[in-house]
Amino acid sequence: NVPEDQADKLLLASWDLPKAVLEKYHSLGIVQMFEWQAECLMLGQVLEGKNLVYSAPTSAGKTLVAELLILKRVLETRKKALLILPFVSVAKEKKCYLQ
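Residues numbered from 1 in each chain as written. Predicted model: local features only at pLDDT ≥ 70, side-chain atom pairs only at ≥ 80, totals over all residues. Heavy atoms only, no water.

(A) Inspection of the packing of helix α2 (residues 35-42) against helix α3 (residues 62-77) at higher detail. α3 packs onto α2 with a crossing angle of 35 degrees between their chain directions and a minimal axis gap of 10 Å. In this structure, α2 meets α3 at a crossing whose hand is right-handed. Judged by residue contacts, Trp36, Gln37, Cys40 and Leu41 of α2 engage Lys62, Leu64, Val65, Leu68 and Leu69 from α3. In terms of residue class, the contact of α2 with α3 is made up of seven nonpolar, one polar and one charged. (Axes fitted to C-alpha atoms, helices over the stretch in contact; angles between N-to-C directions. Helix = DSSP H or I, 4+ residues; strand = E, 2+ residues; numbered from the N terminus. Left-handed = near helix turned anticlockwise from the far one by under 90°. Contact = heavy atoms within 4.5 Å. Nonpolar A, V, L, I, M, F, W, Y, C, P; charged D, E, K, R; others polar.)

(B) Expanded view of the packing of aromatic side chains. Inspection of every chain in the model, using the stated rule, returns one aromatic pair. Taken together, a centroid distance of 6.2 Å and an interplanar angle of 40 degrees make the contact between Trp36 and Tyr54 tilted. Of this pair, Trp36 sits in helix α2 while Tyr54 is found in the loop between α2 and α3, placing the two residues 18 residues apart along the sequence. Residue class for Tyr54 comes out partly exposed when judged on its relative accessible area of 25%. Lys9 extends its terminal NZ or CZ atom over the ring of Trp15, reaching a point 4.8 Å from the ring centre. (Phe/Tyr/Trp six-rings, centres within 6.5 Å; stacked < 30°, edge-to-face > 60°. Buried < 20%, exposed > 50% of the residue type's maximum accessible area, 1.4 Å probe, protein only. Lys NZ or Arg CZ within 6 Å of the ring centre and 35° of its normal.)

(C) Up close: the side chain of Ser14. Counting through the fold element by element, Ser14 comes out in the segment before α1 (19-27). Within the structure, the side chain of Ser14 is placed 2.7 Å from the backbone oxygen of Leu11, a separation counted as a polar contact. (Polar contact = N/O pair within 3.5 Å; in protein donor to acceptor, adjacent residues only side chain to side chain.)

(D) Structural context of the pattern of salt bridges. Counted according to the given criterion, the structure contains two salt bridges. A salt bridge links Glu76 to Lys72; the nearest nitrogen and oxygen atoms lie 2.9 Å apart. With Glu76 and Lys72 both in helix α3, this residue pair falls four residues apart, about one helical turn. The exposure class of Lys72 is buried, given its relative accessible area of 10%. (Salt bridge = Lys/Arg side-chain N within 4 Å of Asp/Glu carboxyl O.)

(E) The arrangement of the UniProt feature "domain: DEAD/DEAH-box helicase" (unreviewed entry) in the chain in detail. The positions that UniProt labels "domain: DEAD/DEAH-box helicase" (unreviewed entry) are, in the present scheme, residues 44-93. Across residues 44-93 one finds 44% helix and 0% strand; the C-alpha atoms that close the span lie 31 Å apart. (UniProt positions renumbered as here; feature names shortened; annotations may be inferred.)

(F) Inspection of the nonpolar core at higher detail. Counting 19 residues, the largest nonpolar core has Leu17, Tyr25, Met33, Leu41 and Leu68 as the members making the most contacts within it. Counting residues per element, the ones that place at least two in this core are α1, α2 and α3. It is α3 that contributes the most residues to this core, five residues altogether. Not counting residues within four places of it along the chain, the set of residues in contact with Leu41 comprises Trp15, Met33, Val46, Leu47, Val65, Leu68 and Leu69. (Core = buried A, V, L, I, M, F, W, Y, C linked by side-chain atoms within 4.5 Å.)

(G) Structural context of the environment of Phe34. Of note, Phe34 is situated in the loop between α1 and α2. Non-local contacts of Phe34, meaning those with residues more than four positions away in its chain, are made with Leu10 and Ala60.

Spelled out as structure tokens, the structure:
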């Protein structure tokens, strides 16, 4: 569970994302994360590039965790990232979404 003093970490706005990125998520109705998603981002040194393995049911929000990790690392390090997706339909959707 996310500690009560870090409950603001559930809000996407608390992760120092660019305004355009936040606006895109907000337009899709995504303003905050589930507790388990915030926990993933706060684990160890995952935001510094350490590995993270997590599992959740279909449509639970796994992709959001990956997107936020990628966005944060790309924006902070100015390096490229590779996102591998399991299906062509998901890849096309994410391509349009992330542009």
